[in-house]
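Coordinates in review
Here are the chains, one letter per residue:
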Amino acid sequence: MTAGPDRGAAAQPAGLLGRRGFVGGSLAAVTATAFAAGTRPWTSLVAVGDAPLAEQLGALLRDTPGVRAVGEAYLVSHEEHRDVPRLLAALAADLGIQPDGAPPADLGARAWEAVQADLLARRTVRLDGWVASPTEARLAAMTLLVHPS
Amino acid sequence: MFADGRELDGAAGPLRADLCIIGGGAAGITVARQLVGSGIRVVVLESGGWEVEDDVQDLSAGENVGLPYFPLETARVRAFGGSTNHWGGTCRPLDARDFEPRPGIPLSGWPIRLSDLEAHLDEAGDICGLGRPVSELDAAEEEDDERPLALGGDDFEARFNEIVADDERSFAPRHRDRLEAADDVAVHLWANVTGIVTDDAGGHVTHVEVATLTGNRYVVEARVVVLAAGGIENARILLASTARDPRGVGNARDQVGRYFMEHPRVLAARILPRDPEIDLGYYEPHDVGGDDYQGYVGLTPARLDQDALADVQLRLRLKRSAAIEQALRSPEARAAERLADWVDGSGPAPIGADLLLLSADLATFGDWFVPGGPLPVPLPDVVRRVLQGSTSERASMVPRLLGGSASYVYSKSTGAGPFESVDVSARAEQVPNPDSRVTLGSDTDALGMPRGQVDWQLTDVEHRSIVRAVDLLGAEVAARGIGRVQVVLPEDGSWPADLAGGWHHMGTTRMSADPATGVVDRDCRVHGIDNLYVAGSSVFSTAGSATPTLTLVALALRLADHLRSAWFR
Ligand SMILES: Cc1cc2nc3c(=O)[nH]c(=O)nc-3n(C[C@H](O)[C@H](O)[C@H](O)COP(=O)(O)OP(=O)(O)OC[C@H]3O[C@@H](n4cnc5c(N)ncnc54)[C@H](O)[C@@H]3O)c2cc1C
């Protein structure tokens, strides 16, 4: 399977973005806005400049309240990943890269492929009921951790 | 011919027949109609008359002591035709694998295989009122213009139910004439069986006791008896027949009434689709070559086996947003509907329903109205077609215009999209569980018979199977870019308040080669009694996820064949 920056939005997993008013309730309402239709979930599928890996991973998803809520929901059930190096190690393993090396140029594509591979292998986590790939949940957690509000 | 049980002379001594059938519903009617003209003298004893009557219906009342269930007197119809007077008409045969031993499903494996029933399925479909032979179900699927969602891989398959047309559903009008004209079949209406009596040894039924609500009582003696009173009443009648044995008839091994199975139904998940105009026509009832079908999402046998799951049907339905629902109930929407009927000239008609749908369809707006305008102004070409068109064209266009305007106004005023999500409701196969059971209550009915009591119990297998099915759906829907899934069924194994059944009563006299785990043998004969048989879904060894009536009718046809060859050759 190939993936890359030019892959159309339709072929990407419907990702972390919002549509209004899907469900009531506090956390449910916010996480719902993360899993939605319409626009591209990923900010970019290429690496940004020469920022450290953790920051680059944390920039792959749009920094929206929905994505942050997903990240928080993930961290509630995976407290150990509040520790950035540990979360980084897990994500590096997801993407098949070195946690301490330079970020590869195709970081976004790799992330996208890892999410797709999770879904096809039925490796999922539940976040407030939403069925998600653990990789995307960890990416959302990274977004939250590298950009604390 | 038909007779009124209230007027038969009980004092004139036992009424004699070759075959006595207890119950004139789907199963009883099927057995009786097969024997018309055979020379076998058949008596059908049916509790009800031609219509639902409160005092007759009350004979089915009883207590629910397990999971919340329908009030029993509303879960079955006591009238000629039985519950086919109210059924939904959804049909699908059980799969071949339903009859086989399966991983994770306790007591799975019937003493018979689908191949033992296959020869009867087309006729069963015809008796049920299906438009097309059951054997052509796959062909119908190929002809279908509606397409299922592109789910696939190794986990999912698109599957199909056929639905009997409204006016063909009830067995009463469909089969009445044939029975009425038959000299060798007598259907007694308003005739309630209150007991089946055996000889002292308990191995042979000698007679059946009948009582009417007007106080008449009589006895029917027959060589063979078929119990076909429905999944709850079959067990109740056997348990209440204590003239020779306090445990009831056929209950020496304490099996009667156990394994009560339903098709638990629950809102399991919601899909937030990527495409707000997602097409779910395949999952709505829709026409294929003149017959109605409705698709669902099924799991593949490989996945069911691999994860040791009970079978699950996932039905998909668009859920409109609350704002749209409210708007559709508004006086404005009603007025628009009346206007549409007026334009159509035909009074309340589907066109009104179309309007309601269209008014929730934002896409119409784009096709029919000036784009980007502050108000819904029809395109000039649309205006011209309305003004110059024929009455029928106007009839089809005006509601669309109104619909487009309505949806414009709704969306502007509420900010809501046309629908909120896709509801995923799961209908699961319930697995055999001896603790889910029908027993007798302490109360009695108007005829002095102990009332039935239902203790509906589910196991973790059904819950786990539904959760797994929607988890898999969540991964697949996301992987294919269709949308995202939120599971709403609690993960802790508990059942939410919307848990219901499908009005399917199965398993209470289950078929089992071993009398220790069931009540009837492979011929539907009660273990240990030479001349007592059971017809209906109470004989199902396992439930499958398919609706039961088609299969129980096929079983009844097979039983009729067996009775001819074993008893009346
Ligand atoms: C609302 C509803 C919707 C349904 N939808 C579907 C569906 O879509 N698809 C499907 O496959 N199934 C459906 N069913 C189930 C379907 O109706 C039954 O599977 C079918 O009617 C069972 O046939 P039966 O002959 O075993 O029992 P019944 O149809 O219940 O007939 C039993 C007959 O026995 C009579 N009887 C009971 N006790 C006595 C007694 N003591 N003496 C004499 N007579 C007695 C009753 O009056 C009744 O006429 C539905 C049921 C309901 C209530």
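Residues numbered from 1 in each chain as written. Chains lettered and ligands numbered in written order. Predicted model: local features only at pLDDT ≥ 70, side-chain atom pairs only at ≥ 80, totals over all residues. Heavy atoms only, no water.

**Brief notes about the overall build of chain A**
Along the backbone of chain A there are 6 helices and 2 strands. A total of 149 residues make up chain A; the buried ones form 50% of that total. When contacts within chain A are restricted to residue pairs at least 6 apart in sequence, long-range pairs at least 24 apart make up 63% of them. Accessible surface computed for chain A: about 6,200 Å², of which carbon and sulfur atoms make up 56%. (Helix = DSSP H or I, 4+ residues; strand = E, 2+ residues; numbered from the N terminus. Buried < 20%, exposed > 50% of the residue type's maximum accessible area, 1.4 Å probe, protein only. Contact = heavy atoms within 4.5 Å. Areas by Shrake-Rupley, 256 points an atom, 1.4 Å probe, with all protein chains shown as cover.)

**As for the site of the ligand**
Residues and elements named next belong to chain B. Surveying the vicinity of the ligand reveals 36 residues, the closest of which are A27, E46, G88, T90 and T549. Within the side chain of E46, one N or O atom sits 2.6 Å away from an oxygen atom of the ligand. In this structure, an oxygen atom belonging to the ligand sits 3.1 Å away from a main-chain N or O atom of A79. Considered on its own, the ligand offers 980 Å² of accessible surface; in the complex 95% of this is hidden by protein. Those elements that provide at least two residues to the shell around the ligand are α1 (26–34), β8 (192–198), α6 (233–240) and α15 (549–567). (Near = heavy atom within 4 Å. Polar contact = N/O pair within 3.5 Å; in protein donor to acceptor, adjacent residues only side chain to side chain.)

**Let's talk about the pairing of strand β17 (residues 450–455) of chain B**
All names here are of chain B. In terms of strand pairing, strand β4 (residues 62–64) meets β17 through 3 bridges, oriented parallel. Counted as the bridge partner of N64 is V454 from β17. Taken together, the 5 bridges between strand β16 (residues 437–444) and β17 define a ladder with antiparallel strand orientation. Bridging across to β17, T444 finds its partner in P450. (Pairing = 2+ DSSP bridges.)

**Considerations on the pattern of salt bridges**
Taken as a whole and judged by the stated rule, the model has 39 salt bridges over all chains. Here the salt bridges share partners, and the residues they tie into one network are R122(A), D155(B), R303(B), D307(B), R468(B), E476(B) and R480(B). (Salt bridge = Lys/Arg side-chain N within 4 Å of Asp/Glu carboxyl O.)

**Structural notes on a negative patch on the surface**
All names here are of chain B. Together, D122, E123, D126, E136 and D561 make up a region of like negative charge exposed at the surface. The biggest single contributor to the negative patch is helix α3 (residues 115–128), with 3 residues. Relative to the helices and strands, D126 is located in helix α3. (Patch = residues over 30% accessible without salt bridge, like charges linked within 9 Å, V, L, I, M, F, W, Y side chains within 5 Å. Lys, Arg positive; Asp, Glu negative; His and termini not counted. Charge placed at Lys NZ, Arg CZ, Asp CG, Glu CD.)

**Some thoughts on the nonpolar core**
Core analysis: the largest hydrophobic core is formed by 144 residues, its most contacted members being L19(B), L45(B), L473(B) and L563(B). With 10 residues, the top contributor of residues to this core is α15(B). Filtering out sequence-adjacent residues up to four positions away, L19(B) remains in contact with V31(B), L35(B), I40(B), R41(B), V42(B), V43(B), A222(B), V224(B), V225(B), V226(B), L563(B) and F568(B). Among the nonpolar cores identified, the runner-up in size contains 28 residues, and A54(A), I97(A), A111(A) and L139(A) belong to it. (Core = buried A, V, L, I, M, F, W, Y, C linked by side-chain atoms within 4.5 Å.)

**Quick notes on α15(B)**
If you check α15(B), its first and last C-alpha atoms are 26 Å apart, about what 19 residues at 1.5 Å a residue would give, namely 27 Å. Counting buried residues in α15(B) gives 15 out of 19 residues, a clear majority hidden from the surface. (Expected span 1.5 Å × (residues − 1).)

**What about the packing of aromatic side chains?**
All names here are of chain B. Summed over the entire model, instances satisfying the criterion amount to 12 aromatic pairs over all chains. Arranged with centres 5.5 Å apart and planes meeting at 80°, the rings of W50 and F80 form a pair that is edge-to-face. Of the two residues, W50 sits in the loop between β3 (42–45) and α2 (54–57) while F80 sits in the loop between β4 and β5 (90–91), which places them 30 residues apart along the sequence. The class of W50 is partly exposed, set by a relative accessible area of 33%. A centroid spacing of 4.5 Å and a plane angle of 10° characterise the contact between F70 and W503, whose relative ring orientation is stacked. You can see F70 sitting in the loop between β4 and β5 and its partner W503 sitting in the loop between β18 (483–487) and β19 (532–534), a full 433 residues away along the chain. Judged by its relative accessible area of 42%, W503 falls in the partly exposed class. A network of ring pairs unites the aromatic residues Y69, F70, F260, W456 and W503 as a single cluster. For R176, the ring lying beneath its charged end belongs to W50, and the centroid distance is 3.8 Å. (Phe/Tyr/Trp six-rings, centres within 6.5 Å; stacked < 30°, edge-to-face > 60°. Lys NZ or Arg CZ within 6 Å of the ring centre and 35° of its normal.)

**Comments concerning the pairing of β18(B)**
Side-chain direction in a regular strand flips from residue to residue, so the side chains alternate between the two faces of the sheet. Residue and element names in this part refer to chain B. Of all 5 residues that make up β18, 5 are buried, and the element is covered over most of its length. As judged from the 5 bridges shared by strand β11 (residues 265–273) and β18, these two strands associate in the antiparallel manner. For I271, the partnering residue across the bridge sits in β18 and is V485.

**Structural notes on the confidence of the model for chain B**
Residue and element names in this part refer to chain B. With 84% of its residues at a pLDDT of at least 70, chain B reaches an overall mean of 89. For the stretch residues 342–365, pLDDT sits under 50, and the model shows 49 contacts to residues farther than four places along the chain or on other chains. Per the prediction output, this complex has pTM 0.85; the corresponding ipTM is 0.78. (pLDDT = per-residue confidence, 0-100.)

**Structural notes on the sheet that holds β17(B)**
Residue and element names in this part refer to chain B. On the basis of which strands lie adjacent, the open sheet formed by 3 strands has the order β4-β17-β16 and mixed pairing. The sheet terminates laterally at β4 and β16, the two strands that pair on one side only. Averaged over neighbouring strand pairs, the angle between their axes works out to 30° when direction is ignored. (Axes fitted to C-alpha atoms, helices over the stretch in contact; angles between N-to-C directions.)

**Quick look at the environment of A310(B)**
All names here are of chain B. Inspection of the secondary structure assignment puts A310 in the loop between α7 (301–306) and β14 (312–319). In sequence terms A310 and Q430 are 120 residues apart; their C-alpha atoms lie 7.2 Å from each other. If sequence neighbours within four positions are ignored, A310 has contacts with I105, L304, E429, V431, V461 and S465.

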